[in-house]
Amino acid sequence: MTGTPRPIDDPAGFIRAETRLRAVPMVPEIVLHLADEAVPIWQRTEEELGAMGLPPPFWAFAWAGGQALARHILDHPGIVAGARVLDFASGSGLVAIAAARAGAASVEAADIDPFAAHAIALNAAANGAAGIAVLPADLVGQDRGWDVVLAGDIAYERDTAERVFAWLFALAARGAAVWIGDPGRSYLPRERLVKIADYAVPVSRELEDSEIKHTSVWRPRAG
Ligand SMILES: C[S@@+](CC[C@H](N)C(=O)[O-])C[C@H]1O[C@@H](n2cnc3c(N)ncnc32)[C@H](O)[C@@H]1O
């Protein structure tokens, strides 16, 4: 085996076979193709792609940050109503689907994991959320004129968090409304953020070593 994944014939079929369509605990009005456990699906992803050392299948779980942010958007639809929205690091597409349901004018969902693109499309269809544009790309540094930029659970790795937050703060400085969902991951730049709301999010003990994760919705501090 090498570290270079080979293409797979039927990624959507793989996702359907390895997950179950289930309601998201904090956002039961949205269903997602979710895995029960991380390790088996991670191993089967590596087998399927003929590659080792792949990142975890983030797209197969509803992360605490995304759950809190999706809940917040659905309860406060004015955040996205009529807006051009980016869901950055979309994973399953949970936050993008919430934005579409809350009345965004357009929604782009971006993630660098090629499986995530297929998961987002499947999950959008399962929720009747038409029109989400899936971008399988690293958009850090780009500005496509979004009104609102959403990011759930992106502060778990130092290098990524530094790059991503520098970009998000630049977008906020030019006037984009940036919203972040985060359960207190290690690389969240709290000193530059304002807490907007708190949620107690049900999560998997296997992933988080806890059944509830206290999670907040944050915005960049002005100035
Ligand atoms: C912990 S998951 C969060 C997924 C989703 N937002 C949620 O809360 O359920 C983090 C996601 O970030 C994605 N990611 C990491 N670096 C990225 C980048 N530079 N651009 C886009 N996505 C990225 C990963 O592929 C993964 O899907």
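Computed from a predicted structure; not experimentally measured. Each chain carries its own residue numbering, running from 1 in the written order of its sequence. With pLDDT at 70 or above as the cut-off, local features in this predicted model cover only qualifying residues; side-chain atom pairs require 80 or more to be listed or tallied, and sums for whole chains, interfaces and linings still use all residues. Heavy atoms from the whole structure form the basis of all side-chain values; hydrogens and water molecules are not counted.

Attention now moves to the side chain of Thr45. Here Thr45 shows up in helix α2 (residues 38-49). Summary of the burial criterion: residues with accessible area below 20% of their type's maximum are buried, those above 50% are exposed, and those between are partly exposed, where the area comes from a 1.4 Å probe applied to protein chains only. For Thr45, a relative accessible area of 7% corresponds to the buried category. At a separation of 2.6 Å, a polar atom in the side chain of Thr45 contacts the main-chain carbonyl oxygen of Ile41. Whether two residues touch is decided by their heavy atoms; if any such pair falls within 4.5 Å, the residues are in contact. Dropping the residues within four chain positions of it, Thr45 is found in contact with Phe14, Leu54 and Phe115. Secondary structure elements are defined from DSSP: runs of H or I of at least 4 residues count as helices, runs of E of at least 2 residues count as strands, and each element is numbered from the N terminus. In protein, a polar contact requires one atom able to donate a hydrogen and another able to accept it; more generally it is a pair of N or O atoms within 3.5 Å, and residues adjacent in sequence count only if both atoms are side-chain atoms.

Pairs were defined over the aromatic rings of Phe, Tyr and Trp, the Trp ring being its six-membered one, requiring ring centres within 6.5 Å. Orientation was assigned from the angle between planes: stacked under 30 degrees, edge-to-face over 60, tilted for the rest. Under the criterion given, the structure shown has eight aromatic pairs. Here the aromatic rings of Trp59 and Phe115 are separated by 5.4 Å at their centres, their planes lie at 15°, and the arrangement is stacked. Of this pair, Trp59 sits in the loop between α2 and α3 (64-75) while Phe115 is found in helix α5 (residues 114-126), placing the two residues 56 residues apart along the sequence. Look at Trp59 and you get buried, because its relative accessible area is 1%. Through pairs of rings, three or more aromatic residues link up here, namely Phe58, Phe61, Trp63 and Tyr156.

Let us look at the site of the ligand. Near, as used in this document, describes a residue that has one of its heavy atoms within 4 Å of the molecule or strand being considered. The immediate surroundings of the ligand are formed by 17 residues, with Trp63, Gly66, Ala89, Asp111 and Gly152 found nearest. All accessible-area figures derive from a Shrake-Rupley calculation using a 1.4 Å probe, and residue coverage is judged against the displayed protein chains alone. When the ligand sits alone it has 600 Å² of accessible area, and the protein chains cover 95% of it. Gly is put with the polar residues, along with every residue not named as nonpolar or charged; the nonpolar set is Ala, Val, Leu, Ile, Met, Phe, Trp, Tyr, Cys and Pro, and the charged set is Asp, Glu, Lys and Arg. Considered class by class, the residues forming the shell around the ligand number seven nonpolar, five polar and five charged.

Once that is clear, we can look at the pattern of salt bridges. What counts as a salt bridge is simple: a side-chain nitrogen of Lys or Arg found within 4 Å of a carboxyl oxygen of Asp or Glu. The final tally for this structure, using the stated rule, is 14 salt bridges. For Glu29, the salt bridge identified is with Arg71, shortest N-O distance 2.8 Å. Of this pair, Glu29 sits in strand β2 (residues 27-34) while Arg71 is found in helix α3, placing the two residues 42 residues apart along the sequence. Relative accessible area serves as the criterion here: at 12%, Arg71 is assigned to the buried category. Each of Asp153, Arg185, Glu208 and Lys213 takes part in a single network of salt bridges with overlapping partners.

Turning our attention to α3. With twelve residues, α3 extends 17 Å from end C-alpha to end C-alpha; this agrees with the ideal 16 Å at 1.5 Å per step. With eleven of twelve residues buried, α3 lies mostly within the body of the structure. Residues of α3 that are buried: Ala64, Gly65, Gly66, Gln67, Ala68, Leu69, Ala70, Arg71, His72, Ile73 and Leu74. Here the expected span of a helix is defined as 1.5 Å times the quantity of residues minus one.

Moving on, we come to unusual backbone geometry. In this structure, Ala89 is a non-glycine residue whose phi angle is positive, near 60°. Looking at the secondary structure, you find Ala89 in the loop between β3 (84-88) and α4 (94-101). Overall, the relative accessible area of 27% leaves Ala89 in the partly exposed class. Notably, Asp209 is not glycine yet its phi reads approximately 60°, a positive angle. Among the residues examined, Asp209 registers a relative accessible area of 63% and is labelled exposed.

Glancing now at the side chain of Thr19. Locating Thr19 in the fold gives a position in the loop between α1 (11-18) and β1 (20-24). A relative accessible area of 9% means that Thr19 is categorised as buried. Separated by 2.6 Å, the side chain of Thr19 and the backbone oxygen of Ile15 make a polar contact. Other than its neighbours up to four places away in sequence, Thr19 contacts His33, Leu34, Ala35, Ile41 and Trp59.

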